[in-house]
Amino acid sequence: GTKSRVHMSRRRTAGGLERTLKNVEKNVEQGNYYEAFQMYTSVYNRLIGERKYDDGLKLLISGCLMFLSHDQSENGTELSVMLGDHLLTNHTTPSAELTE
């Protein structure tokens, strides 16, 4: 029924998000920071377009941490600005799970 389709869609998105994060991480490890940043922003915009705000939030947090841990402060800062905008625009308060 409809409920199972919604559940399947969420599962598919979670799997797709994990694959995307692995691809982004590979780009970062190879020093392809521009490509990684572009992936983060395009996937974020797609998630927000699909009203998947929690996934978008997780993606931005992950990106900030990834770039900052690789001394890519400009990209990390840009994603952190997007994160702040996301929280303000969507009147979102991150759950404890996201901020650990």
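Use the structure listed above.
All figures in this text were calculated on a predicted structure; none of them were measured in a lab.

> Is there a simple way to think about the overall build of the protein chain in this case?
Helices and strands together make up the secondary structure of the protein chain, namely 5 helices and 0 strands. In the protein chain, the share of contacts with a sequence separation of at least 24, taken over all contacts with a separation of at least 6, comes to 55%. Accessible surface computed for the protein chain: about 6,700 Å², of which carbon and sulfur atoms make up 51%.

> How do you make sense of unusual backbone geometry when you look at a structure like this?
Negative phi values dominate among residues other than glycine, just as trans dominates among peptide bonds. Of note, the phi angle at arginine 51 is positive, near 60 degrees, even though the residue is not glycine. Along the polypeptide, arginine 51 turns up in the loop between helix 2 (33-49) and helix 3 (53-69). When its relative accessible area of 64% is taken as the criterion, arginine 51 is described as exposed. With a phi close to 55 degrees, aspartate 71 is a non-glycine residue in the positive phi region.

> What should I look at first to understand helix 3 in this one?
Along an α-helix, residues three or four positions apart point the same way, because every turn accommodates 3.6 residues. Helix length check: helix 3 (17 residues) gives 24 Å between terminal C-alpha atoms against 24 Å at 1.5 Å per residue, within 8%. Three or more residues of helix 3 are buried, namely Asp55, Gly56, Leu57, Leu59, Leu60, Ile61, Gly63, Cys64, Met66 and Phe67. Aspartate 71, located one to two residues past helix 3, shows a positive phi value of around 55 degrees.

> Honestly, the environment of isoleucine 48 in this entry has me stumped. Any pointers?
Relative to the helices and strands, isoleucine 48 resides in helix 2. C-alpha of isoleucine 48 to C-alpha of asparagine 90: the two residues are 42 residues apart in sequence and 9.9 Å apart in space. Beyond its immediate sequence surroundings of up to four residues, isoleucine 48 is in contact with Tyr53, Gly56 and His86.

> What should I look at first to understand helix 4 (residues 73-89) in this one?
In this model helix 4 runs 24 Å from its N-terminal to its C-terminal C-alpha over 17 residues, within 8% of the 24 Å that 1.5 Å per residue would give. For helix 4, every residue scored as buried is listed here: Asn75, Gly76, Leu79, Met82, Leu83 and His86. In a view along the axis of helix 4, the buried residues occupy a sector of 120 degrees, so they form one face of it. For helix 4, the exposed residues set more than 90 degrees away from the buried face come down to Glu74 and Leu88. Here the buried face of helix 4 lies against helix 2 and helix 3.

Conventions we followed
Residues numbered from 1 in each chain as written. Predicted model: local features only at pLDDT ≥ 70, side-chain atom pairs only at ≥ 80, totals over all residues. Heavy atoms only, no water. Helix = DSSP H or I, 4+ residues; strand = E, 2+ residues; numbered from the N terminus. Contact = heavy atoms within 4.5 Å. Areas by Shrake-Rupley, 256 points an atom, 1.4 Å probe, with all protein chains shown as cover. Buried < 20%, exposed > 50% of the residue type's maximum accessible area, 1.4 Å probe, protein only. Expected span 1.5 Å × (residues − 1). Arc of directions from axis to C-beta.

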